[in-house]
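# A closer look at the structure
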Amino acid sequence: MTSKPPTARIRKSPEQVRSAVHQAVVDLLSDPGGAELTIPAIAQRAGVNHTSVYRRWGSREALLADVVTTRLERDWPLKDTGSLRGDLTAWVEAGVASIRTPEGRLLVRAVALSMPGTAEAQGERTQQFQRRIRAIERIRERAAARGEDAPPLEEILDQLIAPLYLRAIFGIDPPASGYPELLVDRLLGTPGGPSAPTVGRS
């Protein structure tokens, strides 16, 4: 199967550039021929100058992190259901649905590809992912405002996010039903039962 031909370069608005570059990243990740994921290749596919990409994102790692975070904000929303358990369960349900899709699995690959790089690139990547971390923190803040005991951020990441990413990396689909509830029960404890043991929770 041949690669998609590069898009002709035309003048685009900043938001059009961002959208085109994001789609180019997804297209290149999807390329069965193993297209090289470099800034010049991304820029060529998007139909923009590679200097525009460097100027906006600074590095490939920061760009990949922006693509991942933007797609997560779209496909993996953080809903306010009125309770911590409901918020976390709805969040994991969206995550399970996401990693069942081809694009969702590509995003996991993009996370892995964004890890290497210089110290400067790592700092840029971290700034992009902080958008998602702040969104997750809002779940904890809402729970605290309701008087609920919210687990530390690290426990949420370890017990809810890590299992989904590992399954996506190894190509193992989550169980057909009940998996979000299982993960949340492991984190918070079974409803009506004792709380799950935790480290560092105040």
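Residues numbered from 1 in each chain as written. Predicted model: local features only at pLDDT ≥ 70, side-chain atom pairs only at ≥ 80, totals over all residues. Heavy atoms only, no water.

## Topic: the overall build of the protein
A tally of regular secondary structure across the protein gives 9 helices and 0 strands. Secondary structure of the protein in N-to-C order comes out as α-α-α-α-α-α-α-α-α. At a minimum sequence separation of 6, the contacts of the protein that also span at least 24 residues come to 69%. Here the protein displays about 10,600 Å² of accessible surface, and carbon together with sulfur accounts for 55% of that area. (Helix = DSSP H or I, 4+ residues; strand = E, 2+ residues; numbered from the N terminus. Contact = heavy atoms within 4.5 Å. Areas by Shrake-Rupley, 256 points an atom, 1.4 Å probe, with all protein chains shown as cover.)

## Here's the deal with the packing of helix α1 (residues 14-30) against helix α3 (residues 50-57)
At a minimum axis distance of 11 Å, the contact between α1 and α3 shows a crossing angle of 100°. By the angle between their directions, the pair α1 and α3 is classed as roughly perpendicular. Across the interface between the two elements, P14, R18, V21 and H22 from α1 touch V53, R56 and W57 from α3. When its residues are assigned to classes, the contact of α1 with α3 shows 4 nonpolar, 1 polar and 2 charged. (Axes fitted to C-alpha atoms, helices over the stretch in contact; angles between N-to-C directions. Parallel < 35°, antiparallel > 145°, perpendicular 65-115°, else oblique. Nonpolar A, V, L, I, M, F, W, Y, C, P; charged D, E, K, R; others polar.)

## Some remarks on the nonpolar core
Among the nonpolar cores identified, the biggest contains 52 residues, and V21, L63, L88 and L160 are the most heavily contacted of them. Ignoring anything within four residues of it in the chain, the contact list for L160 reads L88, W91, V92, E155, L183, V184 and L187. (Core = buried A, V, L, I, M, F, W, Y, C linked by side-chain atoms within 4.5 Å. Buried < 20%, exposed > 50% of the residue type's maximum accessible area, 1.4 Å probe, protein only.)

## A few points about the confidence of the model for the protein
Here the protein averages 83 in pLDDT, and 84% of its residues register 70 or above. The secondary structure element of the protein with the lowest average pLDDT is helix α6 (residues 102-113), at 76, and the one with the highest is helix α9 (residues 179-188), at 96. Under a pLDDT of 50 for its full length, residues 197-202 has, in the predicted model, 13 contacts with residues more than four places off or in other chains. (pLDDT = per-residue confidence, 0-100.)

## Here we look at empty space enclosed by the protein
Within this structure, the stated rule accounts for 1 cavity of 30 Å³ or more. In this structure, the largest cavity spans a volume of roughly 40 Å³. Every residue lining the largest cavity is listed: L72, W76, S98, I99, G104, L107, V108 and Y165. Put simply, the parts of the chain that give the lining of the largest cavity at least two residues each are α5 (84-99) and α6. Take the lining of the largest cavity: its biggest share by element is 3 residues, from α6. (1 Å grid on protein atoms, 1.4 Å probe; cavity = no way out; pocket = protein on both sides within 12 Å on 5 of 7 lines; lining within 4 Å. Points joined across faces, edges and corners; volume = space filled by probe spheres on them.)

## Examining the pattern of salt bridges
Per the stated rule, a full pass over the model turns up 11 salt bridges. Here R146 ties to D80 by a salt bridge, and the two come within 3.5 Å at their closest N and O atoms. Linking R146 in the loop between α7 (119-145) and α8 (153-170) with D80 in the loop between α4 (60-75) and α5, this pair joins segments that are 66 residues apart in sequence. Among the residues examined, R146 registers a relative accessible area of 32% and is labelled partly exposed. (Salt bridge = Lys/Arg side-chain N within 4 Å of Asp/Glu carboxyl O.)

## Some points on the packing of aromatic side chains
The full count for this structure, using the stated rule, is 0 aromatic pairs. The ring centre of Y179 lies 4.7 Å from the NZ or CZ of R167, which sits over that ring. (Phe/Tyr/Trp six-rings, centres within 6.5 Å; stacked < 30°, edge-to-face > 60°. Lys NZ or Arg CZ within 6 Å of the ring centre and 35° of its normal.)

## Points about α4
With 16 residues, α4 extends 22 Å from end C-alpha to end C-alpha; this agrees with the ideal 22 Å at 1.5 Å per step. Within α4, 12 of the 16 residues are buried, which leaves the element mostly enclosed by the surrounding structure. If you check which residues of α4 are buried, you get E61, A62, L63, L64, A65, D66, V67, V68, T69, T70, R71 and L72. (Expected span 1.5 Å × (residues − 1).)

## Some thoughts on the layout of surface pockets
Of the pockets and cavities examined, the largest pocket occupies roughly 480 Å³. Lining the largest pocket are 20 residues; nearest its centre among them are V111, F129, I133, I161 and Y165. Elements with a contribution of two residues or more to the lining of the largest pocket: α4, α6, α7 and α8. Broken down by element, the lining of the largest pocket gets its largest block of residues, 7 residues, from α7.

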